[in-house]
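So the chains spell out like this:
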Amino acid sequence: MDQACISAVLDKMDFEVFVLTAADGDRRNGQIVSWVMPATIVPQVPRLLVGVGRMTYTRELIEVSRKFALNLLGEDQWPWVPHFGFRSGRDVNKFATVPYKDGVTGSPLLPWVVGYLECQVRAALDAGAHLFYLADILEGKLVSDREPLRLHQLSEVLPPEEMATMRRLLEQDIPRH
């Protein structure tokens, strides 16, 4: 296997950056996700597939509530990546300083995002370190018709110390054989 060749192909792909939120009663959390894919071509049956780290607090809330929301970040909302992505909701209330409203699923919806999708889990695929949720989209809204933040842009906008933190956290996802 030629890792450089594989990386060259994968580097051509780009993914939008979302804050995935979930709630169960008065517990709520959000985390950064970028693996979100439409899972149907039938407009009358909107579905998506999203990858979520197995060890995250947000995943625990999804498992109980079976619902979540995806908040699509705009290019200028990169500061929310460290806020929602670099620490655990078990240790800090990520919504203590962030305004939000509860959506129809009870999941937090963030202001000023490009748009949001509220979802109900239909099935889960266990992929080891991650779970992939197939979900029906219950509600959605384009809030601001502007360019979304994409994964490859993070290296351009995050300060060097934040990029180092992100790389360190991503290394924890590498399977150890």
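Just above, that's the structure.
Figured I'd write up the structure that's included with this text.

The rules we used
All residue numbers here refer to positions counted from 1 along the written sequence of the relevant chain. With pLDDT at 70 or above as the cut-off, local features in this predicted model cover only qualifying residues; side-chain atom pairs require 80 or more to be listed or tallied, and sums for whole chains, interfaces and linings still use all residues. Note that the side-chain values use all heavy atoms of the structure and ignore hydrogens as well as water. Secondary structure elements are defined from DSSP: runs of H or I of at least 4 residues count as helices, runs of E of at least 2 residues count as strands, and each element is numbered from the N terminus. Radius of gyration here uses only the C-alpha atoms, and the compact-globule reference equals 2.2 Å multiplied by the residue count raised to the power 0.38. Only protein chains enter the accessibility calculation, which uses a 1.4 Å probe. A residue is then buried if its area is under 20% of the maximum for its type, exposed if over 50%, and partly exposed in between. Note on definitions: a residue-residue contact is assigned when non-hydrogen atoms from the two residues lie within 4.5 Å. Strand pairing requires that DSSP identify at least two bridges connecting the strands. In the sections that follow, a salt bridge refers to a side-chain nitrogen of Lys or Arg positioned within 4 Å of a carboxyl oxygen of Asp or Glu. The definition of a nonpolar core used throughout is a set of buried Ala, Val, Leu, Ile, Met, Phe, Trp, Tyr and Cys residues joined through side-chain atoms within 4.5 Å. Note on method: axes are straight lines fitted to C-alpha atoms, helices fitted across the in-contact stretch only, with angles between N-to-C directions ranging 0 to 180 degrees.

### Thoughts on the overall build of the chain
Scanning the chain for helices and strands turns up five helices and nine strands. On C-alpha atoms alone, the chain measures out to a radius of gyration of 16 Å, which is about the 16 Å that the 2.2 N^0.38 rule sets for 177 residues. Judged by the C-alpha coordinates and their principal axes, the chain covers about 45 × 35 × 35 Å. Of all 177 residues assigned to the chain, the portion counted as buried reaches 40%. Within the chain, contacts between residues separated by at least 24 positions form 66% of all contacts whose residues are at least 6 apart in sequence.

### Details of the pairing of strand 5 (residues 67-72)
A large share of strand 5 lies buried, amounting to five of its six residues. Pairing between strand 5 and strand 8 (residues 115-126): six bridges, direction antiparallel. If you follow A69 over to strand 8, its bridge partner there is E118.

### Side note on the pattern of salt bridges
Should the charged atoms of two oppositely charged side chains come close, the side chains can pair. In this structure the tally under the stated criterion is 10 salt bridges. In this structure, E16 and R150 form a salt bridge, with 3.8 Å as the shortest nitrogen-oxygen distance. Of this pair, E16 sits in the loop between helix 1 (3-10) and strand 1 (18-24) while R150 is found in the loop between strand 9 (130-142) and helix 4 (154-157), placing the two residues 134 residues apart along the sequence. R150 sits in the partly exposed class, given a relative accessible area of 24%. Across the pair D76 and R146 runs a salt bridge, and its minimum N-O distance is 2.5 Å. A residue pair is termed long-range when its members are at least 10 positions apart, and D76 in the loop between strand 5 and helix 3 (80-85) and R146 in the loop between strand 9 and helix 4 qualify at 70 residues. Within this structure, E16, E147 and R150 form a network of salt bridges that share partners.

### Describing the environment of W112
Note that W112 resides in the loop between strand 7 (108-109) and strand 8. In sequence terms W112 and D11 are 101 residues apart; their C-alpha atoms lie 29 Å from each other. Those residues in contact with W112 that sit more than four places away from it in its chain are Q77, P99 and R146.

### Regarding the nonpolar core
Core analysis: the largest hydrophobic core is formed by 20 residues, its most contacted members being L20, L48, V50, F68, L70 and Y133. Elements supplying a minimum of two residues to this core: strand 1, strand 4 (47-53), helix 2 (57-65), strand 5, strand 8 and strand 9. Counting residues in hydrophobic clusters, the runner-up holds 16 residues, among them V17, V19, L73 and V81.

### Looking at the sheet that holds strand 2 (residues 27-33)
The seven strands lie next to each other as 2-1-5-8-9-4-3, forming an open sheet whose pairing is antiparallel. The sheet is open, and its two borders are formed by strand 2 and strand 3 (36-38), each paired with just one other strand. Shown here is a sheet whose adjacent strand axes are inclined to one another by a mean of 30 degrees, direction ignored. Inspection of the sheet shows strand 3 paired to strand 4 by three bridges, in the antiparallel sense. Pairing of V36 across the sheet is with V50, part of strand 4. Here helix 2 sits on the sheet in contact with strand 1, strand 2, strand 4, strand 5, strand 8 and strand 9, set at roughly 120 degrees to strand 2.

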